[in-house]
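Summary of the model geometry
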Amino acid sequence: MKKSIFALVLMSCFALGAKAQCFVGGSFGFTSSKLSGGGADKDGSSFKILPEIGYQMDEDMAIGLQIGYSHGYAAFGSLSVTDFKALVNTAISTYADISEDNTKLNSFTFAPFIRYNLVKMGNAKLFVEGSVGYSNIKSEGTGRVGERKMDVLEIALRPGISYQLNSSISAMAKLGSLGYMSGKEKDSDQKITRFGLDADTYNLMLGLNFHF
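Residues numbered from 1 in each chain as written. Predicted model: local features only at pLDDT ≥ 70, side-chain atom pairs only at ≥ 80, totals over all residues. Heavy atoms only, no water.

**Some points on the overall build of the protein chain**
The criterion, for reference: Segments assigned H or I by DSSP are reported as helices when at least four residues long, segments assigned E as strands when at least two residues long, and all are numbered from the N terminus. Here's how the labels work: a residue is buried when its accessible area is under 20% of the maximum for its type, exposed when over 50%, partly exposed in between, all with a 1.4 Å probe on protein chains only. For the accessible areas, the method is Shrake-Rupley and the probe is 1.4 Å, while residue cover comes only from the protein chains on display.
A tally of regular secondary structure across the protein chain gives three helices and 10 strands. When the elements of the protein chain are put in sequence order from the N terminus, they spell out α-β-β-β-α-α-β-β-β-β-β-β-β. Looking at the protein chain residue by residue over its 212 residues, the buried ones come to 42%. As displayed, the protein chain offers around 11400 Å² of accessible surface, 60% of which is attributable to carbon and sulfur atoms.

Below you can see the structure in the form of structure tokens.
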């Protein structure tokens with residue numbers, strides 16, 4: 001299903017190639033965590049891979065689709081650990097990355113977007129990206145968290161900067177988001193909603209786009 005959606009967008013991009021410049025690329029993020037002292041040394045990591053495909057409608061506006069996978073703390077995206085703890089009513093902390101009870105966190109994300117360039121300075125562009133995204137977060141393990149599933153809807157604005165390396169490749173960076181999020185645990189009536197600004201290193205995304 002996920003591959004079919006991505007393939008459909010790719011075919012649409014080729015079909016519209018005569019009218020708009022298509023691009024493929026995406027963003028990635030990585031963090032490493034280590035806990036020492038107290039008689040225990042633990043380490044772990046989080047990562048997110050967010051490929052995207054779209055087309056440039058004109059010099060300033062682009063539309064596209066992002067489909068991605070996150071693991072560890074990064075699976076929360078803009079949702080905080082505190083929110084997740086309140087939602088599932090269990091004890092969880094930054095051990096999401098370095099858990100000693102074999103808890104694993106994974107997330108699948110689907111998010112169409114519109115990107116608009118606000119300022120252009122030479123090869124650099126400052127842009128804002130608006131998206132409506134769906135994420136499915138799953139925890140697996142034998143510890144206190146156990147197996148949990150949560151559906152999350154997010155409407156967000158994300159600032160970013162891109163730099164045109166040459167006629168075909170541009171580098172990109174996005175940090176944080178401003179928007180609304182609603183998450184609900186499956187098989188439960190518990191729900192959490194948030195509205196606000198979220199900007200930290202866990203939401204830093206770096207990537208490349210290839211234009212053709």
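**Re the pattern of salt bridges**
Stated formally: Salt bridge, as applied in this entry: a Lys or Arg side-chain nitrogen positioned within 4 Å of an Asp or Glu carboxyl oxygen.
Scanning the entire structure with this criterion turns up five salt bridges. A salt bridge links Arg115 to Glu52, with the shortest nitrogen-to-oxygen separation between them at 3.0 Å. Remark: Glu52 occurs in strand β2 (residues 42-56) and Arg115 occurs in strand β4 (residues 104-121); sequence separation between them is 63 residues. Taking the relative accessible area as the measure of exposure, Glu52 reaches 0% and is therefore buried.

**Regarding the packing of aromatic side chains**
Note on aromatic pairs: each is described by the distance of the centres and the angle between the planes. As a reminder, the rule being used: A pair of aromatic rings is counted whenever rings of Phe, Tyr or Trp (Trp by its six-membered ring) have centres within 6.5 Å, and the orientation is called stacked for planes under 30 degrees apart, edge-to-face for over 60 and tilted otherwise. By definition here, charges over rings are those cases where NZ of Lys or CZ of Arg is within 6 Å of the ring centre and within 35 degrees of the ring normal.
For the coordinates displayed, the defined rule picks out one aromatic pair. Aromatic side chains Phe47 and Tyr69 sit 6.0 Å apart centroid to centroid with 50° between the ring planes, which places their arrangement in the tilted category. Here Phe47 is found in strand β2, whereas its partner Tyr69 is found in strand β3 (residues 61-71), with 22 residues between them in sequence. You can call Phe47 partly exposed: its relative accessible area is 27%. On the basis of relative accessible area, Tyr69 is assigned to the partly exposed category, the value being 37%. The ring of Phe127 carries the charged tip of Arg115 above its face, separated from the ring centre by 5.3 Å.

**Overview of a nonpolar patch on the surface**
Cut-off, in case you're wondering: Residues form patches when they are more than 30% accessible in relative terms and have no salt bridge. Like charges link within 9 Å. Nonpolar side chains (Val, Leu, Ile, Met, Phe, Trp, Tyr) link within 5 Å.
A contiguous nonpolar patch, built from Met57, Met61, Ile114, Tyr116, Leu118, Val119, Met121, Leu126 and Ile161 and spanning about 790 Å² of accessible area, is present on the exposed surface. In terms of residue count, the dominant contributor to the nonpolar patch is β4 (five residues). Mapped onto the elements of the fold, Tyr116 is located in strand β4.

**Structural notes on the pairing of strand β7 (residues 169-175)**
Inclusion rule: Strand pairing is assigned whenever DSSP identifies at least 2 bridges connecting the two strands.
Burial along β7 is one-sided: the residues Ser170, Met172 and Lys174 are buried and none of Ile169, Ala171, Ala173 and Leu175 is. Where strand β6 (residues 148-164) meets β7, five bridges bridge the pair, whose relative direction is antiparallel. Counted as the bridge partner of Ile161 is Ala173 from β7. With antiparallel pairing between neighbouring strands as the criterion, β6 and β7 make up a hairpin whose turn holds four residues. In the sheet, β7 pairs with strand β10 (residues 204-211) via seven bridges, with the strands oriented antiparallel. Looking at β10, one finds that Ala171 is bridged to Leu208.

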